[in-house]
Structure formats: structure tokens, C-alpha cells
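# Structural features, examined
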Amino acid sequence: MGVSTEPRTHSGFPTGFRGAVLRPGDLRYDATRALYQGRAADEGPALIAQCVDEKDVATALRYASAHAVPVAVRSGGHGSDGYAMPGGALVVDLSAMRAVTVDPETRVVRAQPGVRLGEMDAAAQRHGLAVPAGTVSNTGVAGLTLGGGIGFLMRRHGATVDNLLACDMITVDGRKVRADESENPELFWALRGGGGNFGVVTSFEYRAHRVGPDVVAGQLIFPFDQAADILRRLPAHLATAPRELGLLVAIAPAPPLPTLPEEVHGRPVLVLVVVHTGEPASAHEVVEPLAALGRPLADLVGKTTWVRANSMLDAVAPYGMRMNLRGGYLPALSADAVDVLLASVAAAPSNPGAFCTINLSFMGGAISEDVDEDAMAFSREGAAWLWEAISKWDAPAYDAQYDQWATALTEAMRPHALTNGYANLTDDLGEEWRRGVHGSEAKHRRLRSVKAAWDPHNLLRFNKNIAPEAHAL
Ligand SMILES: Cc1cc2nc3c(=O)[nH]c(=O)nc-3n(C[C@H](O)[C@H](O)[C@H](O)COP(=O)(O)OP(=O)(O)OC[C@H]3O[C@@H](n4cnc5c(N)ncnc54)[C@H](O)[C@@H]3O)c2cc1C
């Protein structure tokens, strides 16, 4: 079956669809297609089908299958590639499916795909629970989970996929299936890291853990000229770090905080973002030595709640700017890798309102040690750190500068990085990268065979695409 380009206006879209159906020119069309990635707004989709329930999802997918129309899927809208709203596409929009329930007895959390991380955190914390997920509260649970899901709890409780118990999925031909360890286990293997390649997931079931409500968290901000020394000493320092420590290192422009000297505002600083979810009384044993790695300009670490801690980075993640995102796994935070990253800060373009940030997420603990590499599609083998570079700007005229900077940095990091990686925290880097991102060649082949079983005509192709087995690469 070939893929038709015929029904561009989708005038025959089923009238039985119950949610809103938006086309260019409709009142809410522009607001609905806005994504975190501002570049996605350059072109609009042909039709946005705003599903209210699973039946709507099935209706839209049956229509797409019958007309051989490729389908894009939008949940939280945070995917950096902007695959959720491609120009001219048919979009299954799940952002209105936003129910989240928590069973405090079994500690099982169920979330529909439109749920945001902050909503899941708030619901789970009412029962003293949390699902390990990401660090910015308006990120969607759906795309994050299907790619893996890392954050401040990963060292203690693993990646989001390590805590995924089951998914409900609508197949491309409109059937509802469940995937868990016993029902469709091969699909479940692929859904945990293989992204939105296999069907449209309408419900996620997670194992939650006791977390908070009180935690010790905040930021240790150091002058940039201390960054090289601190980063070189950090790995040895962290060798015995407890799993309760979540740590993200950011090299970012200093925020205009009154606690920081005015001359560093907007200039690069080194920030250790610390979230300690163990016994609050013992947090100082972990935090004080981190502060003593240098002479902080500000020590903003203190007692807070898990919900506040897990949304403190919202302030540095503005919605709708143009952006690019590159990253990968590092087997170690070597001095050479640190040199490359710090040199790139000096080489970053500088334009009004624009900024570049480099993040380093400290792995180890549960995410690295407790789950076998081949247990699911998500790969973490050999990864001690995840590096990530985010550029943000507003004017299309700056696209080339920031893309060149990100590409040069990616090339310079290549000798220091692993070939496997975390698909969600980088833009799609092409076919060769996609073949390696899940780890071994055997895992890639297995993913292609699951893709062939569930989406043989590759209708779900607006994603970090896994070609179905029968299709030549
Ligand atoms: C500011 C920011 C902070 C982030 N922080 C973290 C972090 O701390 N940890 C982390 O792990 N990641 C993080 N990410 C990356 C994030 O996990 C991915 O961007 C993820 O794709 C977001 O999911 P979404 O549902 O919001 O996005 P969307 O753009 O809606 O979806 C992304 C893609 O996932 C697929 N998809 C989405 N929903 C479904 C579904 N229901 N069924 C099938 N396929 C689907 C589609 O291919 C879609 O194009 C962050 C991203 C941003 C922009």
C-alpha cells in the first residue's frame, strides 16, 4: 500500500468524530498548533483532530489507515523536533485527554496522554507518592515516557519506563490493545523507549514511590571561571553519592536574581541543581561538600517540597521560542569532554533575548544498575552522564547560527560520547544515529520487527522513525 497525498483538506474526515476538528483559518487553529518548539509554527498542519476519548482516537486512525494518510501525534507538545504538528499533516491531538488517577493502596498511577508532569506530580503527592519523570512541569507524560523519561528520581527509582506497568494503545487500524509484561509483551518492550512508532497510547500505568513531601533542593551557583576545576573534580566527588541525590549541572546565563552580583546577570555561570529526596535531616552531608567544591556566588539550596523542587527549572524553559537540542550519553565526565563543553560556551552566538545552555545529568544508581539493557527498547548501557545543549532564540534569521553552533558541538563531543543515547533529549540526528540510539544492532532489528507488526505501512512516521522491517533502510 502506498501512501496517498490525496485528501489534503480531509473533507471526508468522519462526522462521527466527537472532538473539535480544526483546519487552517479556524478560530482556535493557531493556538492549538502552538508547540514548545517555536520553529514548528512556520508551517501548519492540514487538520488537527482533538480527541476527547479513545473512540475518537480510533476513528481518526481508521480514517488515516483507510486513506493511507500519515499521522502525527500531539500529547504534551514538548518534542524538540516539532513532529507533533508537521506542515500539511493530519494530527491526532491528545492534549484534551487529561485524566490522572492515583490508587494509594496499590501505588499505581494512571495517566491519559494529555497529562503534564506537574499534574501527575500534584495528583501523586496528595498521597505522598511520585512517579519518576522529568524536570519541567509542563512536559507531557506521553512523549517523555515513550522515549524513556529521566529526571531527579532516576538514580533512586529508575527511568520513567522502568516504572511503567502497562499501556493501552489504539492500533493504526483502530483497535484497542493492552501492552504489559504478559499481554503483548513484545509491544510493551518496544513502547518503553521506542517512541511513538507503534500506535497511539491512550493510557499509561505507572508504579509510584514514596517521595517527600519535604525534600532538600535548590541551586548552587558558581562563577564561570571555577567551572573547569569543579567539573574536573566532580566525578570523583560523586563516586559515593547516595541514590537519593538527583543532580543536574547547568552551564547557563545567570538569572537576574538579587542574590547574584549584577555583573554576572546574563553571563555564563555554573549551576549545580540539587534535589535530595532522602531524609531531609541528612541532606547537608551531601549538599555541603558539593558547595565546598568551589566558592559559590549563591547557595540557594534549602528545605522545600517535591512539587516545588520538580518545577524549579520551569523558569528557564520558556514556551514557544525557536530552539534546537543536541545531546548524548557520556561514559565518563572526562577532562577532555569538559574542555569541549566549556569551549563551546565561549563560541556560542550571542543575540538579544537568545541563550544557550549546556546540561549534564548525573546518572548511575537505579537507572544504570537495576535494569538490564535488553529488558526494553530504552538504552542506558555505559552511560554515566547525559550531556545536552539547548539553544533558544526568537528570530528566524538566527536559525543558521544556532544550528551551526549545535552541529559543531555535537561533532566535537562525538569522540567522547557513546553511540547509544537518549532519544528524547536531542533532535533527530538522522538514520545512522537512529540505528544506534537504542543500543545494539540486535535491539534495532527487534524494534524494526515490532514496527512491522504494528505499523507496517509506517503511518506513524512523524517521529524518530523506526523503519518497518520489510522496508529497506
Ligand atoms: C523544556 C523541556 C524539558 C524537558 N525535560 C525533560 C526531562 O527532564 N526528562 C526527560 O526525560 N525528557 C525531558 N524533555 C524531553 C521530553 O521527554 C520530550 O520532548 C518528549 O517528547 C515530550 O513529550 P510530549 O508529550 O510533551 O511531546 P509531544 O511533542 O506531544 O510528543 C513528542 C512525540 O512523541 C510521540 N507521542 C506523543 N504522545 C504519543 C502518544 N500518546 N502515542 C504515541 N506517540 C506519542 C509523537 O511521535 C510525538 O511527536 C524535555 C523537553 C523540554 C522541551
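It should be emphasised that the depicted structure is a prediction, and the values quoted were computed from it without experimental measurement.

What follows covers the overall build of the chain. For the chain, the helix and strand inventory stands at 14 helices and 19 strands. In terms of overall dimensions, the chain has a C-alpha envelope of 65 × 55 × 45 Å along the principal axes. The burial tally for the chain puts 58% of its 473 residues in the buried class. In the chain, once contacts between residues fewer than 6 apart in sequence are set aside, the share between residues at least 24 apart is 74%. Within the structure as shown, the chain displays about 18,400 Å² of accessible surface, and the carbon and sulfur contribution to it stands at 52%.

What follows deals with the site of the ligand. Near the ligand lie 33 residues; those nearest to it are S75, G77, T135, I150 and Y422. Here a nitrogen atom of the ligand and a side-chain polar atom of S75 are 2.7 Å apart. In the environment of the ligand, a nitrogen atom lies 2.9 Å from a nitrogen or oxygen atom belonging to the backbone of V201. Coverage of the ligand by the protein chains reaches 93% of its 950 Å² of free accessible surface. Listing elements by their share of the shell around the ligand, those giving two or more residues are β3 (71-74), α4 (141-147) and β10 (200-207). Ranked by residue count, the leading element in the shell around the ligand is α4, at 4 residues.

Moving on, we come to the sheet that holds strand β6 (residues 108-111). With antiparallel pairing, the 5 strands of this open sheet are ordered in space as β5-β6-β10-β8-β9. Across the chains shown, the open sheet's two edge strands, defined by having one partner strand only, are β5 (100-103) and β9 (176-180). The mean angle between the axes of side-by-side strands here comes to 15°, regardless of whether they run parallel or antiparallel. Strand direction decides the pairing type here: strand β8 (residues 164-170) and β10, joined by 6 bridges, are antiparallel. In the strand pairing of β10, D168 is matched with S203. Helix α3 (residues 117-125) contacts β5, β6 and β10 of the sheet and is inclined by roughly 30° relative to β5.

Attention shifts here to the pairing of strand β14 (residues 268-276). Of all 9 residues that make up β14, 8 are buried, and the element is covered over most of its length. Summarising the sheet, strand β12 (residues 214-223) and β14 pair through 8 bridges and their orientation is antiparallel. Paired with I221 across the bridge in β14 is V271. Pairing geometry for strand β13 (residues 245-253) and β14, over 9 bridges, is antiparallel. The residue of β14 that forms the bridge with A252 is V269.

Generally, phi is negative for residues other than glycine and the peptide bonds are trans, each holding for most cases. Of note, the bond from G212 into P213 is cis; its omega dihedral lies within 30 degrees of zero at 5°. Counting through the fold element by element, P213 comes out in the loop between β11 (209-210) and β12. Phi angles above zero are rare outside glycine, and H10 is one such case at about 55°. Even without glycine at this site, N458 takes up a positive phi of about 55°. Mapping N458 onto the fold places it in the segment after α14 (441-454). What makes N458 buried here is its relative accessible area of 10%.

Its place among the elements puts T426 in the loop between α12 (399-413) and α13 (431-437). The exposure class assigned to T426 is buried, which follows from its relative accessible area of 1%. One polar contact links the side chain of T426 to the main-chain amide nitrogen of G327, over a distance of 3.3 Å. If near-sequence neighbours (up to four positions away) are discounted, T426 is found in contact with S80, D81, L325, R326, G327, W433 and K464.

Turning our eyes to something else, we now look at helix α8 (residues 284-291). Within α8, the full set of buried residues consists of V286, V287, L290 and A291. Down the axis of α8, the buried set is contained in an arc of 125°. They therefore lie on one face. For α8, the exposed residues set more than 90 degrees away from the buried face come down to E285 and E288.

This part is about the sheet that holds strand β2 (residues 47-50). Taken in spatial order, the 4 strands of this open sheet run β1-β2-β4-β3, and their pairing is mixed. Looking at the sheet topology across the chains shown, the edges are occupied by β1 (21-22) and β3. Both β2 and strand β4 (residues 90-93) contribute to a ladder of 4 bridges, which runs parallel. Bridged to I48 within β4 is V91.

Let's shift gears to the packing of helix α7 (residues 227-238) against helix α10 (residues 335-347). Across the interface, α7 lies against α10 with an axial gap of 10 Å and an inter-helix angle of 150°. Considering their axes alone, α7 and α10 lie roughly antiparallel with respect to each other. Remark: the crossing between α7 and α10 carries right-handed chirality. Contact residues: α7 offers A227, A228, L231 and R232, while α10 offers A335, V338, D339 and L342. For the contact of α7 with α10, the class distribution of residues is 6 nonpolar, no polar and 2 charged.

Glancing now at the domain arrangement of the chain. Under the domain assignment used here, the chain contains domain 1 (21-93), domain 2 (100-210) and domain 3 (214-425). Here domain 1 and domain 3 have C-alpha centroids that lie 32 Å from each other. Facing the 12 residues of domain 1 at the interface are 13 residues of domain 3. Taken as a group, Y36, R39 and S80 account for 66% of the area that domain 1 buries against domain 3, more than any other trio of residues on that side. Here domain 1 is connected to domain 3 by 3 salt bridges. Taking the shortest distance from any N to any O, the salt bridge between D42 and R322 comes out at 2.8 Å. Counting the contacts that link domain 1 with domain 3 gives 10 residue pairs in polar contact (both at pLDDT 80 or more).

So, how was this worked out
Residues numbered from 1 in each chain as written. Predicted model: local features only at pLDDT ≥ 70, side-chain atom pairs only at ≥ 80, totals over all residues. Heavy atoms only, no water. Helix = DSSP H or I, 4+ residues; strand = E, 2+ residues; numbered from the N terminus. Buried < 20%, exposed > 50% of the residue type's maximum accessible area, 1.4 Å probe, protein only. Contact = heavy atoms within 4.5 Å. Areas by Shrake-Rupley, 256 points an atom, 1.4 Å probe, with all protein chains shown as cover. Near = heavy atom within 4 Å. Polar contact = N/O pair within 3.5 Å; in protein donor to acceptor, adjacent residues only side chain to side chain. Pairing = 2+ DSSP bridges. Axes fitted to C-alpha atoms, helices over the stretch in contact; angles between N-to-C directions. Arc of directions from axis to C-beta. Parallel < 35°, antiparallel > 145°, perpendicular 65-115°, else oblique. Left-handed = near helix turned anticlockwise from the far one by under 90°. Nonpolar A, V, L, I, M, F, W, Y, C, P; charged D, E, K, R; others polar. Domains from an automatic or database assignment. Buried area = accessible area lost by both parts, 1.4 Å probe. Salt bridge = Lys/Arg side-chain N within 4 Å of Asp/Glu carboxyl O.

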